[in-house]
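Overview (structure and organization)
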Amino acid sequence: MATETAFRVEDKLFQNRYLVDAGRAHIKVRPHTTPSAALRTLLTTCPARCYELNDKGQVEITADGCVECGTCRIIGEPTGDIEWNYPRGGYGVLFKFG
Ligand code: SF4
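The residue numbers shown here count from 1 along each chain, following its written sequence. Under the rules for a predicted model, residues below a pLDDT of 70 receive no local features and side-chain atom pairs below 80 are neither given nor counted, while totals for whole chains, interfaces and linings still include all residues.

As recorded in an unreviewed UniProt entry, the protein goes by the name Ferredoxin-like protein, listed as coming from Xanthobacter flavus. UniProt positions are given in the numbering used here, feature names are shortened, and annotations may be inferred rather than shown by experiment. Turning to the protein, the UniProt record has this under Function (unreviewed entry): "Could be a 3Fe-4S cluster-containing protein."

Some thoughts on unusual backbone geometry
Most of the time, phi is negative for any residue but glycine, and the peptide bond is trans. Backbone geometry places R49, a non-glycine residue, at a positive phi of 55°. Topologically, R49 is positioned in the loop between α2 (37-45) and β3 (51-53). We note that E68 has phi near 60°; this positive angle belongs to a residue other than glycine. Elements are defined by DSSP. Helices are runs of H or I of four residues or more, strands are runs of E of two residues or more, and each kind is numbered from the N terminus. Positionally, E68 belongs in the loop between β4 (59-61) and α3 (71-76). Among the residues examined, E68 registers 16 C-beta atoms within 10 Å and is labelled partly exposed. Exposure classes come from backbone-placed C-beta atoms, where a residue is buried if 20 or more other C-beta atoms lie within 10 Å of its own, exposed if 12 or fewer do, and partly exposed in between.

Structure, rendered in structure tokens:
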């Protein structure tokens, strides 16, 4: 008899490790007063929940934990809302498979 094991994405992501490149965030949010529709979308589409609203209602990113999936790049870079680069070699997400 087969058994199913349910897992949550958050539990899997927790197994990855992240090497922070202090002071050199690889994703930057363009300064804004009121977030655009694209920026607001990032609050719910980033699988690592890197985007948050600050107390002024502006979208901020904490790139620690970014899995480099590129979702925000597709949504926010064409509109100019974010600047996206890969982390420098040796920094960023360290995937643990399995
Ligand atoms: S690349 Fe993916 S994980 Fe990283 S901040 Fe963008 S949406 Fe989130």
